[in-house]
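Results of the structural survey
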Amino acid sequence: MRELPAIETEVVVIGHGATGLFAAIELASTGHKVLLVGNGTPSSEMSTGCISFPEEETWWRGLGLDDGLMQDASDRVDQGIQKVLTVGPCTWEGTSEKRMALVTNLGTIIRTNYAPSTSSRHDVIAVRGAKVAALGFQGNKDLDPCLFHNMLRSETGVEASSSWTATLPAEPHRPHIEMNHGVRHSHDALSEELQGIDADLVMLPPFTQRGGHDRAWRDLEGVVGKRLCEVITPLSLPGRSLVDSFGRAALEAGARDLNGTHLEMIDLRDDDVIARCRSGLRRVQVRAAMMLFCGGNAVGGGLDILGRDVIDPLSFFDIRKGAAGSSNFDMASHSGIACDSYFRSVRKGTRMDKVLVAGAALPGLNFANGYGLGTCLTTALAACRAIEEAL
Amino acid sequence: MPGTDRCLKCSSCVRACPVVAEIGEMTFPGPRTVAVDAPRFGPSRVAIAEVAWLCSMCERCLEACPSRIGLPKAMLDMRASLFPNVRVRPGHERLLGNIDLYGLSIEPVRKVGGETMPKAKIAYFPGCIASQREVETMECSLGLLKAAGAEVEVPSGLVCCGSPLVKLGDERRCERLMDANLKILERYDQVVTSCPGCTVQLVEGYGLEALHITEFLTEVTGTKGMRFRPGSENIRLAVHHACHLSRGVGPHTKERTYELLSEVPGIELVSTGDETVCCGAGGSLLSGYPDVAGRMAARKVDSAIFCGAKIITAACPFCAMNLRRTGGIEVMELTQLISSRLRFPGQH
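Small disclaimer: the values here were computed from a predicted structure and weren't measured.

About the thresholds
- Residues numbered from 1 in each chain as written.
- Chains lettered and ligands numbered in written order.
- Predicted model: local features only at pLDDT ≥ 70, side-chain atom pairs only at ≥ 80, totals over all residues.
- Heavy atoms only, no water.
- Helix = DSSP H or I, 4+ residues; strand = E, 2+ residues; numbered from the N terminus.
- Rg over C-alpha atoms; globule rule 2.2 N^0.38 Å.
- Buried < 20%, exposed > 50% of the residue type's maximum accessible area, 1.4 Å probe, protein only.
- Contact = heavy atoms within 4.5 Å.
- Lys, Arg positive; Asp, Glu negative; His and termini not counted.
- Charge placed at Lys NZ, Arg CZ, Asp CG, Glu CD.
- Pairing = 2+ DSSP bridges.
- Axes fitted to C-alpha atoms, helices over the stretch in contact; angles between N-to-C directions.
- Parallel < 35°, antiparallel > 145°, perpendicular 65-115°, else oblique.
- Left-handed = near helix turned anticlockwise from the far one by under 90°.
- Nonpolar A, V, L, I, M, F, W, Y, C, P; charged D, E, K, R; others polar.
- pLDDT = per-residue confidence, 0-100.

1. A look at the overall build of chain B
Of regular secondary structure, chain B possesses 19 helices and eight strands. Radius of gyration (C-alpha) of chain B: 20 Å, near the 20 Å computed for a compact globule of 348 residues. By principal-axis analysis of the C-alpha atoms, chain B measures approximately 70 × 45 × 35 Å. Per-residue burial over chain B gives 63% buried out of 348 residues. Within chain B, residue pairs in contact and separated by at least 24 positions form 72% of the contacts whose partners lie at least 6 positions apart. Of note, chain B has its 40 positive side-chain charges centred 2 Å away from the centre of its 38 negative side-chain charges.

Here's what the structure looks like:
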């Protein structure tokens, strides 16, 4: 198999989910040359997009990481998110003082200690006092505005106005239109309809495709001048918008994205880390000073409803034998990837420590329903700091 | 191994499917139902056979699946298990008839190849479409390869690469074709193709060193040998990334396409936002359901026109043919577009 021209970079980030993208944003915005290698749909895209920080987190103590490092990282996550996502004007203080939620304009909730919900009630409660409306598309099963109205009234007492539209989609059997420039005409029709609705916040069914989702909703919000929320259905988890926004920010920060390429083998024999990747029918070699592995979905502990292994990590990555210290990685890949040696030994400056692991690929970091996003982002920042120190 | 047991029933593949988006879930239930659910708890095989050939094999579902199930492969397995016992669509019947009669998926109108060059170590594999229907693609590709300094010949006696048969599920016929081609192609060090479907089949099916022409021109020869006429006016150009190129051969081909286009003066690229969406030609959809393929192509052409593009280009003769069927916009295969701006010796 012919190889593609090799690529040299400073840091190669494996995985383009929330963790990998967030780390790429951080590293690229501090002036490092970052290459992102990612393939397929990350598990964070299927999450609720709710970035929560469980209280009294101590999971890292067992891994030899110190509290100071993690505390610092978690503060920086907060700043980082606010840079990346547009945080909406709505804050909500619940019954407990600690329970405060900031809602981004993409329907993504940050800093809440509530159990993430798979309904969109959070968004609506967040703007208590604001006028809420729901607009269903005829032929689209994902949002029934009458049902939404009834549920909202029974659960929260908020009265939402509800209506149906036939404007979009043009044909009832085409529920998910692509929000590209080419279909702006239907976009325009929808914005007119939305402008006519007397509400501050309008719930809409999911109608955009993966990729370009973020741009489409922002565009529409800009035109309409109202907050728009996509209802959360199995097809429209706000995790998608979160990953979309992170992806855009990573590119803007200057990271190079090798989308559609996946890691096959890590070669640790030389001074650099060599990631042997696959791009379709061809192989491509990436030589980097450091590697950050964030492929949580590909190793045990990634996406999973029950939190067990989804895919056997060994079938995914071939870690070349004979490398100094690679037995560590080898052993680790049998049971998720052990992080202690990576986080700790990176400060010892030995050769092996050029591969760091963050996010759901770490053992013990598997959470149902996107619970772990805050934690994953924290580990991403901790790893970034370790990389900055090492470089 | 497709790994269909990992399915979470999240329907991401249904949402990503361009055929579902075009004709609706009621007509084509999507990759999950056909490729994952049907083999395990499927109702009747007759019912599934009605829809199993509606997939255009664009591999978008593979990208969308959070469990990374090999959905396109599962779909092919499904088709291969159904194929011997179903009555195929009239278009597929014609295709199979042509394979049996001529060894090509379409009725040949001209003889191709045979001009041997003494030193040529590189074979150009035109494929059925570029050799018989989109003939300009073949001529322009050969012209570009020569201009770039490569010694290329088109061997005589080549038959269809077998990709359409793999997509139909007919493994028996496919093997016969592969034997015939392999005897010829083995003599060369390198095979260059125009059609991405052929590239994938030659690499994965035959195990040959085959490169798509976009890869060959950028990585092997380089474009230094090509001289271009200065562009008098800017053409607004929309790009269509063929599925079997951008997802099959690899995402790096998108960069290669833009690299080639950046060499050509007088081109203004228009972003349509749906460059990687399927045009509907692939996966035997065009031969089996030309109406569906036409509607999908029309949607892409609509989008390009809306963005103000005057020409749409694709680095695949099959996509170019399908897009041209709509008649809405000028369609040029990539090599054709590049050649049209080439300056030949003696020309000013």
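2. Some points on the sheet that holds strand β8 (residues 330–333) of chain B
Residue and element names in this part refer to chain B. With parallel pairing, the four strands of this open sheet are ordered in space as β6-β5-β7-β8. A single partner strand is all that each edge strand has here, and the edge strands are β6 (267–270) and β8. In this sheet, neighbouring strand axes are inclined to one another by 35° on average, regardless of whether the strands run parallel or antiparallel. Here strand β7 (residues 311–314) pairs with β8 via four bridges, running parallel. Among the inter-strand pairings, Thr 313 is bridged to a residue of β8, identified as Met 332. Here helix α15 (residues 252–263) sits on the sheet and contacts β5 (235–240) and β6; the angle it forms with β5, its principal contact strand, is near 165°.

3. Examining the pairing of strand β1 (residues 7–14) of chain A
All names here are of chain A. Burial analysis of β1 places six of its eight residues in the buried class, which makes it a mostly covered element. Where β1 lies against strand β13 (residues 282–293), seven bridges are found, and the strand directions are parallel. Across the sheet, Glu 8 pairs through a bridge with Arg 287, a residue of β13. The sheet contact formed by β1 and strand β2 (residues 34–38) spans four bridges and is parallel.

4. Describing the packing of helix α1 (residues 18–29) of chain A against helix α11 (residues 373–390) of chain A
Residue and element names in this part refer to chain A. Between α1 and α11, the least distance of the axes is 9 Å, while the angle of their chain directions is 40°. When the interaxial angle is binned, α1 and α11 end up oblique. Here α1 runs over α11; the crossing is right-handed. Listed contacts from α11 to Ala 18, Thr 19, Phe 22, Ala 23, Glu 26 and Leu 27 of α1 are Leu 373, Cys 376, Leu 377, Thr 379, Ala 380, Leu 381, Cys 384, Ile 387 and Glu 388. The residue inventory of the contact of α1 with α11, partitioned by class, reads eleven nonpolar, two polar and two charged.

5. A short note on the confidence of the model for chain B
Per-residue pLDDT for chain B averages 89, and the proportion of residues at 70 or more is 97%. Prediction confidence for the complex, expressed as pTM and ipTM, is 0.80 and 0.85 respectively.

6. Observations concerning the packing of helix α9 (residues 135–147) of chain B against helix α13 (residues 213–221) of chain B
Residue and element names in this part refer to chain B. Direction vectors running N to C along α9 and α13 enclose 10°, while the axes themselves pass 11 Å from each other. Judged by the inter-axis angle, α9 sits roughly parallel to α13. Across from Ser 141, Leu 144 and Leu 145 in α9, the residues of α13 making contact are Ile 213, Phe 216 and Leu 217. A class-by-class count of the residues in the contact of α9 with α13 yields five nonpolar, one polar and no charged.

7. With respect to the sheet that holds strand β1 (residues 122–125) of chain B
For sheets, the rule is that strands pair by backbone hydrogen bonds, running either parallel or antiparallel. Residues and elements named next belong to chain B. The four strands are arranged β2-β1-β3-β4 in an open sheet whose pairing can be described as parallel. Among the strands making up the open sheet, the edge pair consists of β2 (152–153) and β4 (210–212). The pairing of β1 with strand β3 (residues 190–193) spans four bridges and is parallel. Among the inter-strand pairings, Tyr 124 is bridged to a residue of β3, identified as Val 192. The strands touched by α13 are β1, β3 and β4; relative to β4, the strand with the most contacts, the crossing angle is about 95°.

8. A closer look at the environment of A:Ala160
Residues and elements named next belong to chain A. Note that Ala 160 resides in strand β7 (residues 160–165). Owing to a relative accessible area of 6%, Ala 160 belongs among the buried residues under this scheme. Each C-alpha atom, one on Ala 160 and one on Ala 360, is 38 Å from the other, the two residues being 200 residues apart in sequence. Beyond its immediate sequence surroundings of up to four residues, Ala 160 is in contact with Val 132, Phe 148, His 149 and Leu 152.

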